Amino acid sequence: MKTTEHPLDNPVWNALAETHQEFAIAYDGVKFYNPAYCPFGGFVEPKNTADAVKQYATLTENFFIVGEKPLLPASLKINKELICLQMVIARKIDLPIDAEIVKLTAAHNEALCELVNLVQPGYFKNKTFLLGDYFGIFKEGQLVAITGERMKMNDFTEISAIITHPDHTGKGYAKQLITHVVNAVFDQHKIPFLHVVESNTGAIYLYEKLGFVTRRKISFWNIV
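Keep in mind it's a predicted model, so treat the numbers as computed, not measured.

Novice: Give a detailed account of the sheet that holds strand S8 (residues 142-152), specifying residues and quantitative values.
Specialist: Picture the strands of a sheet paired through backbone hydrogen bonds; they go either parallel or antiparallel. The strand order across the open sheet formed by eleven strands is S1-S2-S3-S4-S11-S5-S10-S9-S8-S7-S6, and the pairing between neighbours is mixed. A single partner strand is all that each edge strand has here, and the edge strands are strand S1 (24-27) and strand S6 (102-103). The pairing of S6 with strand S7 (residues 134-139) spans two bridges and is antiparallel. Bridging across to S7, Val-102 finds its partner in Gly-136. Seen against the sheet, helix H2 (residues 49-56) touches S1, strand S2 (30-33), strand S3 (40-43), strand S4 (63-66) and strand S11 (213-223) and runs at an angle of roughly 25 degrees to S2.

Novice: Can you lay out the packing of aromatic side chains for me, pointing to particular residues and giving the numbers?
Specialist: On inspection of all chains with the given rule, the structure shows ten aromatic pairs. Seen in terms of ring centroids, Phe-23 and Tyr-37 are 4.7 Å apart; in terms of plane orientation they differ by 50 degrees. Their pairing is tilted. One end of the pair, Phe-23, is in the loop between helix H1 (11-17) and S1; the other, Tyr-37, is in the loop between S2 and S3, with 14 residues separating them in the sequence. Just as Phe-23 is buried, Tyr-37 falls in that class too. Their ring planes at 90 degrees and their centres at 5.5 Å tell us that Phe-124 and Tyr-134 sit as a pair that is edge-to-face. Taken together, the residues span a long stretch of sequence, with Phe-124 in the loop between helix H3 (109-119) and S7 and Tyr-134 in strand S7 at a distance of ten residues. By relative accessible area, which is 7% here, Phe-124 ends up buried. Sitting over the ring of Trp-13, Lys-31 keeps its end group 4.8 Å from the ring centre.

Novice: Give me H2: which residues, what numbers.
Specialist: For H2, the complete set of buried residues consists of Thr-49, Ala-52, Val-53 and Tyr-56. Buried residues of H2, viewed axially, fall in a sector of 95 degrees; they line one side. Turning to H2, the residues buried within the fold contact S1, S2, S3, S4 and S11.

Novice: Kindly report on helix H5 (residues 201-210), identifying the contributing residues and their values.
Specialist: Residues Ala-203, Ile-204, Leu-206, Tyr-207 and Leu-210 constitute the buried set of H5. Looking straight down H5, one finds that the buried residues subtend no more than 160 degrees of arc, so they occupy a single side. Among the exposed residues of H5, those pointing more than 90 degrees away from its buried face are Thr-201, Gly-202, Tyr-205 and Lys-209. The elements touched by buried residues of H5 are strand S5 (78-88), strand S9 (156-164), helix H4 (173-187) and strand S10 (191-197). Just downstream of H5 lies Gly-211, where phi reads positive at about 115 degrees.

Novice: Describe the pairing of S1, naming the residues involved and giving the relevant values.
Specialist: For S1 and S2, the ladder comprises four bridges, and the chain directions are antiparallel. Bridging from a neighbouring strand, Ile-25 pairs with Phe-32 of S2. Hairpin connection, S1 to S2: the antiparallel pair is bridged by two residues, and Asp-28 has positive phi, about 45 degrees.

The rules we used
Residues numbered from 1 in each chain as written. Predicted model: local features only at pLDDT ≥ 70, side-chain atom pairs only at ≥ 80, totals over all residues. Heavy atoms only, no water. Pairing = 2+ DSSP bridges. Helix = DSSP H or I, 4+ residues; strand = E, 2+ residues; numbered from the N terminus. Contact = heavy atoms within 4.5 Å. Axes fitted to C-alpha atoms, helices over the stretch in contact; angles between N-to-C directions. Phe/Tyr/Trp six-rings, centres within 6.5 Å; stacked < 30°, edge-to-face > 60°. Buried < 20%, exposed > 50% of the residue type's maximum accessible area, 1.4 Å probe, protein only. Lys NZ or Arg CZ within 6 Å of the ring centre and 35° of its normal. Arc of directions from axis to C-beta.

This is the structure in structure tokens:
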């Protein structure tokens, strides 16, 4: 069996084998998140993927395999390949935080889902917020910016859902939320990482300014 050289080379598989194993649905060498939490899967051996994705497709109509290109049954197809930069950061961010940052709870989940799916539809599910801690900034009672944790391993935590409402961009909210979450992850003695579509140059520029560096490119295969 092929082994992975580094946990981040196969982040979904390793998250579901480690910290997030309670959310795993496994089919003969392929691991998926329960689709109510996150529509992602990962595998070790490509030969096992066709049957596994066919079974998982009965649970959700739209999902992603992260990493190598999977083999598919005739009933399914790759809708698109999202090529992402996988970025990591080596130290805490030294940046002042003047916004009030609120830890989000189940009471905020509806607003959280609405904001993510307004800006980045298709990734955030009803129970995604249970995968980690999510934080937000409110203005006049409205949730206007968020950042949180998604995939978690023993030594790594993914920073995710870096979202600002289109009416509130340019105010530094993302920088402050990323700073807060990254530093909290370091306080847990883990290394933060994130994924960003390679064409999103504005976000990449921000992440690089904050200290993230690109580790590798990784594909998110959208299967329907």
